[in-house]
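The chain contents come next:
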Amino acid sequence: MPSRRAVLLGAAAAGVLAGGGVATASFRRALAAAEARISRGSSTIETGFGTMEWGEGGSGPPILMIHGTGGGFDQGLAFCRRLSADGFRVIAPSRFGYLRSGYPDDPSSARQADAFVDLLDHLGIEKLPVAGGSAGALSAIEFAIRHPDRCSALITIVPATYAPERPSFQPMSWWQEKTMRAMLESDLLFWAALGTARDTMIGTMLATDPALVSKASAEEQARIGEILSGILPVSHRSRGLLNDARLASDPARSELERIRAPTLAISVEDDRFGTADAARHIAREVPGTRLVVYPTGGHVWVGHDEELFAEVARFVRSRPM
């Protein structure tokens, strides 16, 4: 989660703290529902880097879906419902610090990529396409670089990765960091912000113009709402969120020239995190990359969900597994 998002989210948290007056019963119901949702549909294994959680959806050729900031196995499966329904077996791990996955001493994107190999070995999968969304693209790229024999294709979706054109983000002040941490470690504060500062959350957490969401179809509005509410319980994701803040605020340059897998890079021009620049950088550095940049839609590609995953399905099916 880039520092700009953290700064704005910290300001939103401060507003919630000042406002007060949350409805305790409603909060408890929302938290109970969130806890119930993440308590089913996943399994864990022990890897060389600690516990790893993952979930699966659909059947058919496998694809590894690596979630973005604020996610977990549940976000990965939710994002890829269209792929699951379209004849793919979606394997969605929770990255370091998210939900039931561990948090090793070195929670880098490279180590996360290595841990995915242990998961594939456990599942008996030799090689498969790997997709990474937002901050998840960091470890997807590292997987393609470090384990080319296990990666049949690379898909980066709104990649929060290095690009020379991306602006640098200013460091947070002490109070901004404090309020951000309070928000990310408190289910109550996060839930309150969802109700009292929804547009701010869309603009900061989701890096998307709230006006786009308000004008979108009912189906798309429901999808965006699910993304936001799906971050609860945020307290079970806080270590991963804070690690993403460190990794994605100033992403390191990857050795993209080493990637040999067929590559698809998808982004949106008006993504407030500047991931279109990152997607174009990937396309410049990895020969033969297919680049798709939608003109509008923000970081959560409002209005393009169906065509985006149709693009992914076509790309994967056109390559040997």
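See above for the structure.
Conventions used here
- Residues numbered from 1 in each chain as written.
- Predicted model: local features only at pLDDT ≥ 70, side-chain atom pairs only at ≥ 80, totals over all residues.
- Heavy atoms only, no water.
- Core = buried A, V, L, I, M, F, W, Y, C linked by side-chain atoms within 4.5 Å.
- Buried < 20%, exposed > 50% of the residue type's maximum accessible area, 1.4 Å probe, protein only.
- Domains from an automatic or database assignment.
- Contact = heavy atoms within 4.5 Å.
- Salt bridge = Lys/Arg side-chain N within 4 Å of Asp/Glu carboxyl O.
- Helix = DSSP H or I, 4+ residues; strand = E, 2+ residues; numbered from the N terminus.
- Pairing = 2+ DSSP bridges.
- Phe/Tyr/Trp six-rings, centres within 6.5 Å; stacked < 30°, edge-to-face > 60°.
- Expected span 1.5 Å × (residues − 1).
- Axes fitted to C-alpha atoms, helices over the stretch in contact; angles between N-to-C directions.
- Parallel < 35°, antiparallel > 145°, perpendicular 65-115°, else oblique.
- Nonpolar A, V, L, I, M, F, W, Y, C, P; charged D, E, K, R; others polar.
- Polar contact = N/O pair within 3.5 Å; in protein donor to acceptor, adjacent residues only side chain to side chain.

### Quick word on the nonpolar core
Point 1. Grouped together as the largest cluster of nonpolar side chains are 58 residues, with contacts concentrated most on L83, I155, F190, F309 and V312.
Point 2. Taken domain by domain, this core gets at least three of its residues from each of domain 1 (6-40) and domain 2 (41-169 + 239-318).
Point 3. Those residues in contact with I155 that sit more than four places away from it in its chain are I63, P129, V130, A131, G132, L264, V312, F315 and V316.
Point 4. Core analysis: the next-biggest nonpolar cluster, separate from the first, contains 31 residues, F116, L119, L120 and V130 among them.

### Comments concerning the pattern of salt bridges
Point 1. Evaluation of the coordinates by the stated rule reveals 21 salt bridges.
Point 2. Here E56 ties to R89 by a salt bridge, and the two come within 2.7 Å at their closest N and O atoms. Placement of E56 in strand β2 (residues 50-57) and of R89 in strand β4 (residues 89-93) is noted, with a sequence separation of 33 residues between them.
Point 3. Residues participating in the shared-partner salt-bridge network are R82, E219, E220, R223 and D305.

### As for the pairing of strand β6 (residues 151-157)
Point 1. Burial within β6 is extensive, with 7 of its 7 residues counted as buried.
Point 2. Looking at chain direction, strand β5 (residues 128-133) and β6 are connected through 6 bridges and run parallel. Of the residues in β6, the one forming a bridge with V130 is L154.

### A word on the packing of aromatic side chains
Point 1. In total, this model carries 3 aromatic pairs according to the counting rule given.
Point 2. Between W301 and F309, the aromatic rings sit 6.3 Å apart at their centres with planes inclined by 70 degrees, giving edge-to-face as the arrangement.
Point 3. Residue classification places W301 among the buried residues on the basis of a relative accessible area of 4%.
Point 4. The class for F309 is buried, based on a relative accessible area of 3%.

### Here's the deal with helix α5 (residues 109-123)
Point 1. Here α5 contains 15 residues, and its C-alpha end-to-end distance of 21 Å stays within 8% of the 21 Å for a straight helix at 1.5 Å per residue.
Point 2. Among the 15 residues that make up α5, 11 are buried, leaving the element largely enclosed by the rest of the structure.

### Section: the packing of helix α2 (residues 24-38) against helix α8 (residues 187-196)
Point 1. It is at 10 Å that the axes of α2 and α8 come closest, and there the two elements cross at 105 degrees. Classified by the interaxial angle, the pair formed by α2 and α8 is roughly perpendicular. Contacts between α2 and α8 involve S26, F27, A30 and L31 from the former and D187, L188 and W191 from the latter.
Point 2. In terms of residue class, the contact of α2 with α8 is built from 5 nonpolar, 1 polar and 1 charged.

### Brief notes about the side chain of H304
Point 1. Looking at the secondary structure, you find H304 in the loop between β8 (290-294) and α14 (305-317).
Point 2. Engagement of the side chain of H304 in a polar contact is seen with the backbone oxygen of T296, the distance being 2.8 Å.

### Thoughts on the side chain of H67
Point 1. By the secondary structure assignment, H67 is in the loop between β3 (62-66) and α3 (73-79).
Point 2. Taking relative accessible area as the criterion, H67 reaches 1% and is therefore assigned buried.
Point 3. Looking at H67, its side chain comes within polar contact range of the main-chain nitrogen of R95, at 2.9 Å.
Point 4. Ignoring any residue separated from it by four or fewer positions in sequence, one finds H67 in contact with G72, F73, Q75, G76, P93, S94, R95, Y98, G133 and G136.

Worth remembering: the numbers are spatial, not functional.
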